[in-house]
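# Coordinates in review
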Amino acid sequence: MFSLIKLPRSLTINQVPKGFHEDGILSGYRQPYSSARECVLSLFQLTNETLNIWTHFLPTWFFLWKLLMVALAMMEDKEEGHSRYQWPLLAYLLSCCIYPLASSCAHTFSSMSVGARHICFFFDYGAISLYSLGSAVAYSSYTFPEKWVNSTFHHWYVSLAVLNSIICTTLACCSRLGLPFLHYNADNIKGLPDYQATRLTKPLRIVAFAYPFFYDNIPLFYRLFVCVGEGCTANEANGVHHVHIQLAFLTGFLFTTHLPERLAPGSFDYIGHSHQLFHVFAIAGTVLQMKAIELDMVLRQTWLQTHSPPITFGNTLGVFLVSVAANLCVIYIFCLALFSEERQKMSNINKGCL
Ligand SMILES: [Zn+2]
């Protein structure tokens, strides 16, 4: 069927504008300024984005299936307390569906224009922040070590995670073009080298992703690596939490180092570059994190239901929805600045024509 559809040939790095360049990737670029239809069709053509898209698109369906299974089981559960106990899991699973879906959409439509590319990744960053918040909601309800349950840190943990999600989406969006309205101009939108904040791009983005990870995992790091004696919650889930943390570090390592393509630019353009590996290990990490959370949830249910703060709609799905709204507001401000810059550029062109 696809032989009937003529797909445009892929391009080398010298044939696409600077704003579309990826470090260490020399070929396999899609046509810049593709239509939405061409972007969707590019899923079936081998380009440097194809595996980035599929490695997050397929897992989205697996996570969605998990979410539906939990939601259906909750609806059939007649006991209200038991159903309520699963709300944090539901918020976490929602975040697990959103981040790979946003990522695969971002990678699919990022070749539409330089502006669309920025907007696509603004949403991608927002979804990653929501995933951090979803993890915090689940950790607060199921994985906190016994010693810390009901502590002051426990009571503030999720509220601070909401704040982190807003700060981190803002930082990650800033890492592309600087502050909206203040730093935005035609040159940095096009990715031209005189953009003065370029040197801050990578560190800012790393901080935006690493900071919520470290914050979310404070209770887990304490439980696994520091706590001794009673109240440390040593159970079967600990081993799985360990592997998840190792995978998370590997994911961060791939994201920051750009290995292996940094060592051999052009050799991993289609298969095996760091961003694909980053996607694969992020999904593997999420699957293990999910398993560890579910283990804690089942093994500790009786203890948690008698000792933990009560689970309410407000401290689970409620905070998640508030965070979705707040993150959308942040993204809206960044998009608005982009559109107003584009409008300014168009009006300058029109004035020049008159
Ligand atoms: Zn990605």
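Parameters and conventions
- The residue count restarts for each chain, going from 1 along the sequence in the order it is written.
- In keeping with the predicted nature of the model, local features appear solely for residues at pLDDT of at least 70, side-chain atom pairs appear and are counted solely at 80 or more, and the whole-chain, interface and lining totals rest on all residues.
- UniProt positions are given in the numbering used here, feature names are shortened, and annotations may be inferred rather than shown by experiment.
- The numbering of helices and of strands both runs from the N terminus, where a helix is a DSSP run of H or I of at least 4 residues and a strand a run of E of at least 2.
- We call a residue exposed when 12 or fewer other C-beta atoms sit within 10 Å of its C-beta, buried when the count reaches 20 or more, and partly exposed for counts in between; the C-beta positions come from the backbone.
- Once C-beta atoms are placed from the backbone, any two residues with those atoms within 7 Å are in contact.
- Definition of nonpolar core: a set of buried Ala, Val, Leu, Ile, Met, Phe, Trp, Tyr and Cys residues joined via C-beta atoms within 7 Å.
- To estimate the expected span of a helix, subtract one from its residue number and multiply by 1.5 Å.
- Per residue, pLDDT measures the predictor's confidence, with a range of 0 to 100.
- Helix axes are fitted to C-alpha atoms over the stretch in contact, other axes to C-alpha atoms as well, and angles between N-to-C directions run from 0 to 180 degrees.
- Note that the term roughly parallel is reserved for angles under 35 degrees, roughly antiparallel for angles over 145, roughly perpendicular for angles of 65 to 115, and oblique for everything else.
- Take the far helix as your reference; a near helix turned counterclockwise from it by less than a right angle gives a left-handed crossing, and one turned clockwise gives a right-handed crossing.
- Polarity classes work like this: nonpolar for Ala, Val, Leu, Ile, Met, Phe, Trp, Tyr, Cys and Pro, charged for Asp, Glu, Lys and Arg, and polar for all others, with Gly in that last group.

If you check an unreviewed UniProt entry, the chain appears there as Membrane progestin receptor gamma from Coilia grayii. In its Subcellular location (unreviewed entry) section, the UniProt record describing the chain reads: "Membrane". Turning to the chain, the UniProt annotation filed under Sequence similarities (unreviewed entry) states: "Belongs to the ADIPOR family."

A count of helical and extended segments in the chain gives 13 helices and zero strands. Counting helices and strands in the order they occur from the N terminus, the chain gives α-α-α-α-α-α-α-α-α-α-α-α-α. Residues counted as buried form 40% of the 354 residues belonging to the chain. The long-range share in the chain, meaning contacts at least 24 apart out of those at least 6 apart in sequence, stands at 77%.

Let us now look at the nonpolar core. In terms of nonpolar packing, the biggest core is built from 66 residues, with Tyr 92, Cys 96, Tyr 99, Ala 127, Val 137 and Ile 293 touching the most fellow members. Of all the secondary-structure elements, those providing two or more residues to this core are α4 (87–109), α5 (114–143), α6 (152–177), α8 (198–216), α10 (237–257), α11 (274–299) and α13 (314–353). Non-local contacts of Ile 293, meaning those with residues more than four positions away in its chain, are made with Leu 89, Tyr 92, Ala 138, Tyr 142 and Thr 143.

So, on to the UniProt feature "binding site: Zn(2+)" (unreviewed entry) in the chain. Mapped onto the present numbering, the UniProt feature "binding site: Zn(2+)" (unreviewed entry) falls on His 107, His 275 and His 279. Despite a sequence span of 173 residues, these residues sit close together in the fold, their greatest C-alpha distance being 11.6 Å. Secondary-structure assignment places His 275 in helix α11. As for its placement among the helices and strands, His 279 is situated in helix α11. Take His 279: there are 23 C-beta atoms within 10 Å of it, and that puts it in the buried class.

This part covers helix α2 (residues 50–76). Given 3.6 residues per helical turn, the α-helix brings residues three or four places apart onto the same face. Counted at 1.5 Å a residue, the expected span for α2 with its 27 residues is 39 Å, and the 40 Å between its end C-alpha atoms agrees. Restricting attention to buried positions, one finds in α2 the residues Thr 50, Leu 51, Asn 52, Ile 53, Thr 55, His 56, Pro 59, Thr 60 and Phe 63. Those residues of α2 hidden inside the fold are in contact with α4 and α11.

As a further point, take the environment of Cys 335. On the secondary structure map, Cys 335 appears in helix α13. Exposure remark for Cys 335: the 17 C-beta atoms within 10 Å place this residue in the partly exposed category. Taking the C-alpha atoms as reference points, Cys 335 and Pro 180, 155 residues apart in sequence, are found 8.4 Å from one another.

With that settled, the discussion passes to the UniProt feature "transmembrane region" (unreviewed entry) in the chain. In the numbering adopted here, UniProt assigns the feature "transmembrane region" (unreviewed entry) to residues 53–75, 87–109, 121–142, 154–174 and 313–339. Taken end to end, residues 53–75 is 100% helix and 0% strand, and its two terminal C-alpha atoms sit 33 Å from one another. Between the C-alpha atoms that bound residues 121–142 there is a distance of 31 Å. The span itself is 100% helix and 0% strand.

This paragraph deals with the confidence of the model for the chain. In this model, the chain carries an average pLDDT of 89, and 89% of its residues clear a pLDDT of 70 or more. Within the chain, no element has a lower average pLDDT than helix α7 (residues 186–189), which sits at 61, and none a higher one than α11, at 97.

This part is about α5. Taking 1.5 Å of rise per residue, the 30 residues of α5 would be expected to cover 44 Å, and the 42 Å separating its terminal C-alpha atoms lies within 8% of that figure. Counting buried residues along α5, 26 of its 30 residues qualify, which places the element largely inside the surrounding structure.

Take the packing of α5 against α11 next. At a minimum axis separation of 9 Å, α5 and α11 run at an interaxial angle of 30°. Comparing their axes, α11 and α5 come out roughly parallel. Considering only the axes of α5 and α11, their crossing is left-handed. Touching Ser 135, Ala 138, Tyr 142 and Thr 143 of α5 are Gln 289, Ile 293, Asp 296 and Met 297, all from α11. For the contact of α5 with α11, a count of residues per class yields four nonpolar, three polar and one charged.

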